[in-house]
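Spelled out, the chains give:
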Amino acid sequence: MTTINNKRLVSLGLLLMTGLLTSCSEQKSVNASFYKSEIKVTSFGIPHITADDFGSLGFGEGYMAARDHVCNIAYGLVEARGERAKYFGAGEKNKHVKSDVLIKALDISDNAEQYFKGQTDENQQWISGYTSGYNKYINDIGRDNITSWCKGADWVHEVKPQDIFARFLLLAQTTRYMSGMIVSAAPPQSEAEKSGDKTAKLDLTSEEFAESTKDLGGRHMGSNAWAFGKNRTENGRGMLLGNPHYPWTGTDRFWEKHLIIPGRLNIYGTHLLGAPGVAIGFNENVGWSHTVSDSERVVFYTLDLVPGDPTSYFYDGKPRKMIAKKISLPVKDENGTETIENHVVWFSHYGPMVNLPNAPWTTTRAITIRDANVDNHNLLDQWKDMDLAKDMDSFKQAHKKWNAMPWVNSMATSKDGRAVYIDGTNVARLSPEAIALWRDRTQTDPLTKEFNEKLEHIILDGSDSRFEWQPHPEARVAGVVPFVEQPQYDRSDYIFNANDSYWLTNAKEPLEGYSPLFGPERTARTLRTRMNAKFLSDTSPKGPAGEDGKFSLQEMQAAILSNRSLTAELLLDELVSACTAQPAIKYGSKTVDLSKACIILKGYNKHLDLDANGAVLFREWITLYPYEESFKKGELFAIAFDPNDPINTPRDLADKTLALVKLAEAIENMQSADLSLDSTLGDIQFSYKSQEKIAIHGGLNEEGIANIIDQWRYDAMAPQVNGNRIASSKYLTDVGYSVTAGTSFLLSLSYTDEGPKAEAFLTYGESGDPTSEHYTDQTKLFAKKQWRPILFNMTDINQDIKESFILTGPR
C-alpha cells in the first residue's frame, strides 16, 4: 500500500508520470544498469532505505535527503565549489568573497576530482548513486516547484559526484573557519607598490578574529556524549547518550535515516546534510556519538623574514620563498551584474599565511599555519567501516585503519557492555624535543604565552626544523598522530565527553600522558563538563541512576533533560543571602531595589525548565560575568580550581558586592525589555518556525547545563529570527531568546536481550521545508520532553508505514 501526503502531490505526481515509481506490491527485478531502492517512510518522516548495493542505497539517500532539504544541500554545494559570491554577492563584511577565495586557494574542487578517483569502487558507486538520487529529485520536481526558501533559484541544479565529494572534503577542513584570517593576509607594501597593486583587499574584523580563534575547527558546535559499560547499566549491556549541539538552521543540520543492505548493513542514525552514510547512530552491535574535540588540528607557526623581502623567510638559517596563489573570483553586485575580483593568497611550505591583529605581518615576522586535515580524504571510509562494525573491536579497528576523524571524539557502547572513548582527531605529531621547547617558550616568549593562555592555541617556531611534524609508520596522513598514540579508554563502567580535553573522560580515573595538542590535563573544566561528570559519577541512592547506582534508559533520559543548572547549584544560595542582607545597591547614578528580585531568586528551583520562575533573572545575572571567570578564582568564584577535585572546583561566590551590582544591572536589562522579573523561559525562549514560535527548555554553557540551547548568529541563507540585543545583556533581545542552535539529534540507546532499543529527538524536525508537517513536529515533542521511539526492527517499521515506494533510475 502506498500512502501519499498531500504536501507531496506535486513531486510524486511528476514521478508517477515518469513511470519510475511503483508501489511495494509491484516490485520487479531491475536491470543492473538501474538503481533500485525500496523506501518506507514512518512517523516523523523518517526514511528506511533498503537496497542491494551501495550505489542503489546512495540513490535512495540522495533523493530523500533532497526531498527534505534540497535548499540547504544545494547551498552547501555552492559553498564547496567556492561560488557563494557568484550567486549571492559579496555578503556582509565580504563573508562570501572570503569563503570563496579560501576554497579556491585550497583547491577543494580540484582535490575532490583527484581524491574521488582514488576512492574504492564501492565508495564511488555510493557517492555516484547519492548524486543521481539528488539530481532525480531536482529534475522530477523542477526548481520552480520547490516549496522551500530556494524556490526558482538558478543555483539549484544537477551536480556531479565530485561536487558531493567536495562537500565531504570541506567538512573535514579546519581552515574553513579561518577564511578571514587567511584571505586578508598580505605582506607590508611600499607606497609605490600599493599604487600599482590591482588586487582586491579584504580586512579581518575584530569580530571575525575572535570567532575564528574561539571556534577554530567547529569548537562552537559542542556536544555531550555518554557511554555506559555493563557495570553501570541495569541490564548489564551497553547504553549510549548522544547529544550533539549543532545549528538548527543552515547546512550543518543533521538528517535522520535508516540504511539497509540485507546481510551486510543495518545502520540507523544521522549525518550532516549532503553526506551519505551515518556519522552518529547504531547498528545491531555498536552505537556511538561524537563530540567536537579540544585538540589542535591547526598549528600556528612564526616565520623569521629575510631583511628587505617580507615574502621570504628563514628555515634553519636558509631563505625560502613564499608562494603567491592568484585567484580570480566572479562576484555578483547589487544590480545583479557579475564582476571579476582578483585576489592573492600567500603560502609558506606549511600552508596559508594568516593575518592576526595581535601578530600582524611585518617586515621581520609573519604567521603561517598547517592544518592536519588538508590531506584527509578517508572520512567516508572510516564512517562506512564504523557503520559496518560487527563488534567493538571492529569499531576500534575502523579508527586504527583510517585515522580519519577530522575534529571529533568518538564515544561508543556495545551490546556486550563495553564503553569506549577515542580522540581520533588529526593532530600534529611533534617530537618530545619540540614539545619540551614549546613548553619552555610558553614561559619565555610573550607571543607563545599569549597564544597558549588567552587564545588557547599552540604557536611554534616555523623557522626551526625541530618543530616539523614527525612520521610514524601507522599514520595514514603524513605527520599526524596515529591511533596507537591517541587518547583512548575501553571500560566497563562509563566514559563521557563534553568538549573539554580527554583528561576527565572518567572522573574516577583521568587520562594523562598524551601530546598537548590533544588538549590540556589537570586544568579547570567547563561548568557543562562538571555537570556531566556529576551525573555520571554520582552513585548515591538519590543520584540520577537511582538506588542501585546503575542506569536504565529512562533514568539516562531523565538526567539529560533534568535541565539542572550547576551554576545555580554553586552560587544561587549565596547570591540570595547577599541580597537578603543588602536589599538595595547603587548602580550608576541611582539606587536599585533588589528585594523583589531576591524573593524571586529565593524561589528559583535551579533548573532551566519552561516553568522555572527566576531562571531568566539568574541567567541575566550570571551572563554579565566574563565567561573565563567560570574557570578560576576571581570575580565570580572564591575557591580556586583544584586538579585533585576537578568536579567541585572552582566554587563559592567571591565578591558579593560586585554580585549585587550585576544583579542590579540584570534587573535594569529585564526592565528595558519590559519583562517581569519572574519571567520564565516559557515566556521568552522560543524556536521561531515559520509562522509559529515554540517555547524551548534548556540553557547556556554559562549556566552549567548539559542540555544546551543557544543563539549563535549562524551563517545561513534561510530566514532566521535573531532580534536586537537589549541594553548590556549578552543574550536577551527584543524577541526574547531566539533559539538557533543547541541540542539537535538527541539519541538514547540501550542494548537489550532483544536487540537495540532507542528513543530520540531530532529537535528541529526531519524536514527543512516550512510546508512539511515534519518541519515542527519533533520541535513540539522536544518542548514537551516526549521521547519518540526509533523504529529499527522491520516488524515495527512495517506497522508504522506512512508512505512506501520503489525508487529506480538509470546508473
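The sections below set out a description of the structure shown in this document. (Residues numbered from 1 in each chain as written. Predicted model: local features only at pLDDT ≥ 70, side-chain atom pairs only at ≥ 80, totals over all residues. Heavy atoms only, no water.)

1. Some remarks on the overall build of the protein
Here is step 1 of the chain: A tally of helices and strands in the protein yields 23 helices and 34 strands.
Here is step 2 of the chain: The C-alpha atoms of the protein give a radius of gyration of 27 Å, which matches the 28 Å a tight globule of 811 residues would have.
Here is step 3 of the chain: For the protein, the spread of C-alpha atoms along the principal axes amounts to about 80 × 70 × 55 Å.
Here is step 4 of the chain: Taken across its 811 residues, the protein has 63% of its residues classed as buried.
Here is step 5 of the chain: For the protein, the computed accessible surface area is about 29400 Å², with 48% contributed by carbon and sulfur atoms.
Here is step 6 of the chain: Separation between the mean location of the 87 positive side-chain charges and that of the 106 negative ones in the protein comes to 1 Å. (Helix = DSSP H or I, 4+ residues; strand = E, 2+ residues; numbered from the N terminus. Rg over C-alpha atoms; globule rule 2.2 N^0.38 Å. Buried < 20%, exposed > 50% of the residue type's maximum accessible area, 1.4 Å probe, protein only. Areas by Shrake-Rupley, 256 points an atom, 1.4 Å probe, with all protein chains shown as cover. Lys, Arg positive; Asp, Glu negative; His and termini not counted. Charge placed at Lys NZ, Arg CZ, Asp CG, Glu CD.)

2. Some points on the pairing of strand β12 (residues 318–321)
Taken residue by residue, a regular strand's side chains alternate between the two faces of the sheet.
Here is step 1 of the chain: Where strand β11 (residues 309–315) meets β12, four bridges bridge the pair, whose relative direction is antiparallel. If you follow Tyr313 over to β12, its bridge partner there is Arg320.
Here is step 2 of the chain: Linking two consecutive strands that pair antiparallel, namely β11 and β12, is a turn of two residues; a positive phi of about 55° is found at Asp316 within it. (Pairing = 2+ DSSP bridges.)

3. Remarks on the state of the cysteines
Here is step 1 of the chain: One pass over the full model with this rule turns up two disulfides.
Here is step 2 of the chain: Note that Cys71 is cross-linked by a disulfide to Cys150, the S-S spacing being 2.0 Å. Across the S-S bond of Cys71 and Cys150 the torsion is about -80°, and the bridge reads as left-handed. You can see Cys71 sitting in helix α2 (residues 54–81) and its partner Cys150 sitting in the loop between α6 (121–141) and α7 (161–172), a full 79 residues away along the chain.
Here is step 3 of the chain: You can call Cys71 buried: its relative accessible area is 2%.
Here is step 4 of the chain: Judged by its relative accessible area of 1%, Cys150 is buried. (Disulfide = S-S within 2.5 Å.)

4. Notes on empty space enclosed by the protein
Here is step 1 of the chain: Applying the stated criterion across every chain yields a total of eight cavities of 30 Å³ or more.
Here is step 2 of the chain: Approximately 170 Å³ is the volume attributed to the largest cavity.
Here is step 3 of the chain: If you trace the largest cavity, you find 17 residues lining it, with Tyr246, His290, Trp383, Trp407 and Val408 closest to the centre.
Here is step 4 of the chain: Of all the secondary structure elements, the ones that give two or more residues to the lining of the largest cavity are β5 (239–247), β7 (265–272), β9 (286–292) and α11 (379–387).
Here is step 5 of the chain: In terms of residue count, β9 provides more of the lining of the largest cavity than any other element does, three residues in total.
Here is step 6 of the chain: Of the voids in this model, the second largest cavity is the one considered here, and its volume is about 60 Å³.
Here is step 7 of the chain: Forming the boundary of the second largest cavity are Leu527, Ile622, Tyr625, Pro626, Tyr627, Ser630, Leu636 and Glu702.
Here is step 8 of the chain: Its residues placed into classes, the lining of the second largest cavity shows six nonpolar, one polar and one charged. (1 Å grid on protein atoms, 1.4 Å probe; cavity = no way out; pocket = protein on both sides within 12 Å on 5 of 7 lines; lining within 4 Å. Points joined across faces, edges and corners; volume = space filled by probe spheres on them. Nonpolar A, V, L, I, M, F, W, Y, C, P; charged D, E, K, R; others polar.)

5. What about the sheet that holds strand β26 (residues 685–689)?
Here is step 1 of the chain: Strand order in the open sheet formed by three strands is β27-β26-β29, with mixed pairing between adjacent strands. The open sheet has two edge strands, β27 (692–695) and β29 (737–738), and neither has a second partner.
Here is step 2 of the chain: Examined bridge by bridge, β26 and β27 share four bridges and lie antiparallel to one another. Directly across from Tyr688, in β27, lies its bridge partner Lys693.

6. Concerning the packing of helix α13 (residues 432–444) against helix α14 (residues 446–455)
For any two helices packed against each other, the geometry comes down to the angle between their axes and how far apart the axes lie.
Here is step 1 of the chain: Two numbers describe how α13 lies on α14: the axes approach to 6 Å, and their chain directions differ by 100°. One element, α13, and the other, α14, form an angle in the roughly perpendicular class. Of the residues in α14, those touching α13 at Trp438, Arg441, Thr442, Gln443 and Thr444 are Pro446, Thr448, Lys449 and Asn452. (Axes fitted to C-alpha atoms, helices over the stretch in contact; angles between N-to-C directions. Parallel < 35°, antiparallel > 145°, perpendicular 65-115°, else oblique. Contact = heavy atoms within 4.5 Å.)

7. Some points on the nonpolar core
Here is step 1 of the chain: Ranked by size, the top nonpolar core spans 248 residues in total, and within it Val70, Trp226, Phe300, Leu617 and Trp621 carry the most contacts.
Here is step 2 of the chain: If one sorts the elements of this core by residue count, α2 sits on top with 15 residues. (Core = buried A, V, L, I, M, F, W, Y, C linked by side-chain atoms within 4.5 Å.)

8. Regarding the packing of α2 against helix α4 (residues 95–105)
Here is step 1 of the chain: Where α2 contacts α4, the two axes come as close as 7 Å, and the packing angle between them is 60°. When the interaxial angle is binned, α2 and α4 end up oblique. Facing Tyr75, Glu79, Ala80 and Arg81 of α2, the residues of α4 in contact are His96, Ser99, Ile103 and Lys104.
Here is step 2 of the chain: Residues that form the contact of α2 with α4 fall into these classes: three nonpolar, two polar and three charged.

9. Points about the side chain of Thr733
Here is step 1 of the chain: On the secondary structure map, Thr733 appears in the loop between β28 (709–710) and β29.
Here is step 2 of the chain: Engagement of the side chain of Thr733 in a polar contact is seen with the backbone oxygen of Gly736, the distance being 2.6 Å. (Polar contact = N/O pair within 3.5 Å; in protein donor to acceptor, adjacent residues only side chain to side chain.)

10. Concerning the environment of Leu762
Here is step 1 of the chain: Tracing the chain through its elements places Leu762 in strand β32 (residues 755–762).
Here is step 2 of the chain: Overall, the relative accessible area of 0% leaves Leu762 in the buried class.
Here is step 3 of the chain: Remark: the alpha-carbon pair of Leu762 and Phe782, spanning 20 residues in sequence, is separated by 8.3 Å.
Here is step 4 of the chain: When residues no more than four places from it in sequence are discounted, the contact partners of Leu762 are Phe254, Glu256, Ser744, Phe745, Gln778 and Arg788.

11. Observations concerning the environment of Gln691
Here is step 1 of the chain: With respect to the element layout, Gln691 can be found in the loop between β26 and β27.
Here is step 2 of the chain: For the pair Gln691 and Leu781, spaced 90 residues apart in sequence, the C-alpha to C-alpha distance is 18 Å.

12. Let's talk about the packing of aromatic side chains
Here is step 1 of the chain: All told, the structure shown has 30 aromatic pairs when counted by the stated rule.
Here is step 2 of the chain: Taken together, the ring pairs in this structure connect Tyr75, Tyr87, Phe88, Trp149 and Trp155 into an aromatic cluster.
Here is step 3 of the chain: Sitting over the face of the ring of Tyr177, Arg176 holds its NZ or CZ atom 5.3 Å from the ring centroid.
Here is step 4 of the chain: The ring of Tyr315 has Arg320 lying over it, and the distance from NZ or CZ to the ring centre is 4.2 Å. (Phe/Tyr/Trp six-rings, centres within 6.5 Å; stacked < 30°, edge-to-face > 60°. Lys NZ or Arg CZ within 6 Å of the ring centre and 35° of its normal.)

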